[in-house]
Amino acid sequence: MGLTIGVDIGGTKIAAGVVDEEGAIRDTCKVPTPPTPEAVVDAIAEAVRTVSAHHEVEAVGIGAAGYVDDKRATVLFAPNVNWRHEALKDKVEQRVGLPVVVENDANAAAWGEYRFGAGQGHEDVICITLGTGLGGGVIIGNKLRRGRFGVAGEFGHIRVVPDGLLCGCGSQGCWEQYASGRALVRYARQRAAATPENATVLLGLGDGTPAGIEGKHVSQAARSGDPVAIDSFRELARWAGAGLADLASLFDPSAFIVGGGVSDEGDLVLDPIRKSFRRWLVGSQWRPHAQVLAAQLGGKAGLVGAADLARQG
C-alpha cells in the first residue's frame, strides 16, 4: 500500500496528513475541533477530503484519545470529545469512501516512534507520553499489543499511591497525577509558595504568584537555573523513573521511549528519569538495563503512526 492518511484529534484542532511508506508527511491540513461529537466526525471527514484532494490515498488511520475496541472501529469512551460507543470507523468511511482504522492516540504515537523514530532497531519497546496526562503504548515482538478488548497500555491510570490524589478518571493515586505536565505545574506552585526566595525567576515569568505559574514557565525557569523549577522536574522524574522500573518488571523491553510535551526538555528531565529508573529497578546491579530514549517525532508521532497502522490494515 502506498500513501495513507493519518488523523490526529486534538482538543482545539484536528490535523490530517498524507504519509508515505517511509513515514514522511507529504501534505497536511488542520481544521478546528468542533464542540459536539457528531460535528467532530464531520470535521474529520472534511480534513481527510481536503488533504487527499491532490493525492491518491488508499486508507485512513485515526488516532483518538480514549478507549478503542478490539476491532479498531468503535471509540468506547472518549471523555474529551464526549464519545460513548461511537462507531467512528463506519461513520468516517461513509463520508470519505476509504477504509478506516481507528486507534488510541497514544498507541498510534508509540507505533510511529517504533517504526520511524527512536524505536527503530528495537523489537520490544514501551512508550510513554508525558503530556497533560500520561499515556502509553506496548510493542512486543514487533507487534502493537492492545489486549483482548483493545484498551491495554493505559499506564497513566495505574494506581501508584493507594488513596492518593483524585484523578480525572474518578480513581485515586493514578500515576499521571504524579508524572505528567499537570503534576509538574502542581509541584512548582507548591514549592514556590513554600520557598518563594528560591523561585524568583519562576515567579517573575508569571504574574508573580504561585497560582500564575504555567508549564512553559517551569521549563524556561529551569533552563535559567531556578532552584524550584529544577527541583520540580526532579520530582516528576522520580515518579516517572520509578514507574518505568515497574513496567520493566512487567514487560522487560529493550527500550523505553519518552515522548509528550514534558520530554521536549531533553536531558533536563531524561537524565533524572534514567537515574530514578536505575534506582528503583529490581535487581538493577545484576540485570541488563533497558535504554531510556527521547522520542524523535514530536507532535507528528500520532499522525504518522495512525497512517502506518492504516497501511498495515
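Relevant structure appears above.
Residues numbered from 1 in each chain as written. Predicted model: local features only at pLDDT ≥ 70, side-chain atom pairs only at ≥ 80, totals over all residues. Heavy atoms only, no water.

A.B. asks: Just checking my understanding: could you explain the side chain of Arg-72 for this structure?
C.D. replies: Within the element layout of this structure, Arg-72 appears in the loop between β5 (67-68) and β6 (75-78). Among buried charged residues, Arg-72 stands out as having no salt bridge; its nearest opposite-charge side chain is Glu-103, 4.1 Å away. In this view, Arg-72 contacts Lys-89, Val-101, Val-102, Glu-103, Arg-146, Leu-309 and Gly-313; residues no more than four positions away in its chain are not counted. (Helix = DSSP H or I, 4+ residues; strand = E, 2+ residues; numbered from the N terminus. Buried < 20%, exposed > 50% of the residue type's maximum accessible area, 1.4 Å probe, protein only. Lys, Arg positive; Asp, Glu negative; His and termini not counted. Salt bridge = Lys/Arg side-chain N within 4 Å of Asp/Glu carboxyl O. Contact = heavy atoms within 4.5 Å.)

A.B. asks: Help me out: how do you make sense of a negative patch on the surface in this one?
C.D. replies: Where like charges cluster on the molecular surface, the negative patch consists of Glu-21, Glu-22, Glu-56 and Glu-58. Overall, Glu-58 belongs to the partly exposed group, its relative accessible area being 38%. (Patch = residues over 30% accessible without salt bridge, like charges linked within 9 Å, V, L, I, M, F, W, Y side chains within 5 Å. Areas by Shrake-Rupley, 256 points an atom, 1.4 Å probe, with all protein chains shown as cover. Charge placed at Lys NZ, Arg CZ, Asp CG, Glu CD.)

A.B. asks: Teacher, can you tell me more about the side chain of Asn-107 here?
C.D. replies: As for its placement among the helices and strands, Asn-107 is situated in helix α3 (residues 105-116). Engagement of the side chain of Asn-107 in a polar contact is seen with the side chain of Glu-103, the distance being 3.1 Å. With residues near it in sequence (within four places) discarded, Asn-107 still touches Gly-136, Gly-137, Leu-144, Arg-146 and Ala-152. (Polar contact = N/O pair within 3.5 Å; in protein donor to acceptor, adjacent residues only side chain to side chain.)

A.B. asks: Explanation requested: the state of the cysteines in the structure shown.
C.D. replies: Working definition: the covalent bond between the sulfur atoms of two cysteines is a disulfide. Under the definition given, this model contains zero disulfides. For the unlinked cysteine Cys-169, the closest cysteine sulfur is that of Cys-174, found at 3.7 Å. (Disulfide = S-S within 2.5 Å.)

A.B. asks: What am I meant to see in the nonpolar core here?
C.D. replies: Among soluble globular proteins, nonpolar side chains are generally buried collectively. Ranked by size, the top nonpolar core spans 42 residues in total, and within it Ile-128, Leu-130, Leu-244 and Phe-277 carry the most contacts. Every element with two or more residues in this core is listed here: β9 (125-130), β10 (134-140), α4 (181-194), α5 (200-205), α6 (215-223), α7 (227-251), β12 (255-259) and α8 (267-280). Per element, the largest residue contribution to this core is 11 residues, and it comes from α7. Non-local contacts of Phe-277, meaning those with residues more than four positions away in its chain, are made with Gly-241, Leu-244, Ala-245, Ala-248, Phe-256, Ala-290 and Val-292. The next biggest cluster of nonpolar side chains, apart from the first, holds 32 residues, and it includes Ile-5, Val-40, Ala-43 and Val-81. (Core = buried A, V, L, I, M, F, W, Y, C linked by side-chain atoms within 4.5 Å.)

A.B. asks: What is the right way to look at the sheet that holds β9 in this model?
C.D. replies: The five strands lie next to each other as β11-β10-β9-β12-β13, forming an open sheet whose pairing is mixed. Strands with a single pairing partner mark the edges of an open sheet, and in this sheet they are β11 (143-144) and β13 (291-294). Lying over the sheet, α8 contacts β9, β12 and β13, oriented at roughly 160° with respect to β13. (Pairing = 2+ DSSP bridges. Axes fitted to C-alpha atoms, helices over the stretch in contact; angles between N-to-C directions.)

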